[in-house]
Amino acid sequence: MTLPSSFLLLQMEATTAAAAAAQFQVFVKGLHRLQLVRTFDLIACTMFVYDWALTLDLEIAMVWKSNWNLMKVLFLIQRYLPFIDTVFLVLLLKFGLGMDNAICKRVYAASGYLMASGTAISELILTLRVWAVWHRDKRLTILLPMVVVGIWVPIMYYMYIFLNSLQFATLPKALLDLHDTQCFIVKADSRFYLVWLLLMIMDAVILFLMMIPGYKAYRAGGDSALYQTVYRDGAIYYLYLFALSTINIVLIRVLPHGYENLLTPIERGVHSMLTSRVLLHIRAHSRGEDQDLASRHWADGVTDLPHPRHDSESRGGFGTTSYKSIVIQRTQVTSERVI
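Quick caveat: nothing in here was measured; it's all calculated off a predicted structure. (Residues numbered from 1 in each chain as written. Predicted model: local features only at pLDDT ≥ 70, side-chain atom pairs only at ≥ 80, totals over all residues. Heavy atoms only, no water.)

1. Focus: the overall build of the protein chain
Regarding its fold elements, the protein chain presents 10 helices and six strands. Looking at the protein chain as a whole, 48% of its 339 residues are labelled buried. Expressed as a percentage of contacts within the protein chain between residues at least 6 apart in sequence, the contacts between residues at least 24 apart total 72%. As presented, the protein chain carries roughly 16,900 Å² of accessible surface, and 66% of it is formed by carbon and sulfur atoms. (Helix = DSSP H or I, 4+ residues; strand = E, 2+ residues; numbered from the N terminus. Buried < 20%, exposed > 50% of the residue type's maximum accessible area, 1.4 Å probe, protein only. Contact = heavy atoms within 4.5 Å. Areas by Shrake-Rupley, 256 points an atom, 1.4 Å probe, with all protein chains shown as cover.)

And the structure:
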């Protein structure tokens, strides 16, 4: 018996309507997830701008009037790049109007690559600090560049894979009227968590290398203010970064699609904030010992671990200033000239 064509048509229409309703529900659930991600993005922007405002007076006093060198350039890049990749571009993605899928992908790519580059500069500064507290040990002079390259080349590769895998969809008009989101991600590479896994490994290595001389400094005694500034605060900051990367990995692996970037802007901002505080606090400690010196110099241009003092036995002669990289000897915390 052949079914009437009108019945088949009604059945096809019912199937199409059911599929459309299911697709609509997918969009609705996706918008709920997107709303939570947007909230975390706003938290990240607020945290970064607030911390920048809190430390601006210290930056003006310690950085703006100092001599130009490599460390100052790195500091300023990683300090102000989040205003572009975390504040401007992220908010543009979440609240920008008139953006089609092609524009969304380009803005996401720009934000992602800038975030990765800025985080890499922050990690480079923290790595240079470890090299400094190890007295520029020849073994670390070889090992640390290998670690940096071995970690960051794969990070940039997986970032490239993730950003190229992003696919966007245009929301139905009914949802656009209720939600002003233009860039709605429907597909992303699942290996994005490897970016944070590699970064977590990097932070673990840096934390371990910082704790070794820090423990020796604690056992040896010495300048407690210097110890707190260089070792204790530094180790705590590295621990924060390690913990944040760990949480990020867990969330990406456990939560459903749509939450891949839940903590990305926060971790990006925290990297810049903590790195800036590390360097500013070191400069503040130096200024406490010699205000004129700290206002004229920005460390040695590379490691940014100065320990200024007027030393009549220094190579510059009586009354000249030598720059010191903090090293640990058996019984005391001392200093040695940084060329």
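2. Regarding the UniProt feature "transmembrane region" (unreviewed entry) in the protein chain
The positions that UniProt labels "transmembrane region" (unreviewed entry) are, in the present scheme, residues 73-93, 113-134, 140-163, 192-215 and 235-255. Strand forms 0% of residues 73-93 and helix 95%; the C-alpha atoms that close the span are 29 Å apart. (UniProt positions renumbered as here; feature names shortened; annotations may be inferred.)

3. Overview of the packing of aromatic side chains
Taken as a whole, this structure holds eight aromatic pairs when the rule is applied. When the centroid spacing of 4.0 Å and the interplanar angle of 25° are considered together, the rings of Phe162 and Phe192 count as stacked. Pair noted here: Phe162 is in helix H5 (residues 138-165) and Phe192 is in the loop between strand S2 (184-187) and helix H7 (193-220), with a separation of 30 residues, a long-range link. Summarising the burial analysis for this pair, Phe162 and Phe192 share the class buried. (Phe/Tyr/Trp six-rings, centres within 6.5 Å; stacked < 30°, edge-to-face > 60°.)

4. Details of unusual backbone geometry
For His135, which is not glycine, the phi torsion reads 60° and is therefore positive. With respect to the element layout, His135 can be found in the loop between helix H4 (101-133) and H5. With phi around 50°, Arg136 is a residue other than glycine that occupies positive phi space. Overall, Arg136 belongs to the partly exposed group, its relative accessible area being 24%.

5. Focus on the confidence of the model for the protein chain
With 69% of its residues at a pLDDT of at least 70, the protein chain reaches an overall mean of 76. Strand S6 (residues 333-337) is the least confidently modelled element of the protein chain, averaging 34 in pLDDT, while H5 averages 95, the highest of any element. Every residue in residues 289-299 is under pLDDT 50, and counting partners more than four places away or in other chains gives 36 contacts. Of the regions scoring below 50 in pLDDT, residues 306-339 engages in 86 contacts with residues more than four places distant in sequence or in other chains. (pLDDT = per-residue confidence, 0-100.)

6. Side note on the pattern of salt bridges
Counting across every chain of the model gives five salt bridges. In this structure, Glu59 and Arg79 form a salt bridge, with 2.7 Å as the shortest nitrogen-oxygen distance. Placement of the pair is Glu59 in helix H1 (residues 5-64) and Arg79 in helix H2 (residues 70-80), with a sequence separation of 20 residues. For Arg79, a relative accessible area of 2% gives the class buried. Between Asp189 and Arg191 there is a salt bridge whose closest N-O contact spans 3.1 Å. When its relative accessible area of 17% is taken as the criterion, Asp189 is described as buried. Residue classification places Arg191 among the partly exposed residues on the basis of a relative accessible area of 36%. (Salt bridge = Lys/Arg side-chain N within 4 Å of Asp/Glu carboxyl O.)

7. Thoughts on the packing of H2 against helix H3 (residues 82-95)
Between H2 and H3, the least distance of the axes is 5 Å, while the angle of their chain directions is 0°. With respect to each other, H2 and H3 are oriented roughly parallel. Of H3, the residues touching H2 (which contributes Gln78, Arg79 and Tyr80) are Pro82, Phe83 and Ile84. Of the residues contributing to the contact of H2 with H3, the split by class is four nonpolar, one polar and one charged. (Axes fitted to C-alpha atoms, helices over the stretch in contact; angles between N-to-C directions. Parallel < 35°, antiparallel > 145°, perpendicular 65-115°, else oblique. Nonpolar A, V, L, I, M, F, W, Y, C, P; charged D, E, K, R; others polar.)

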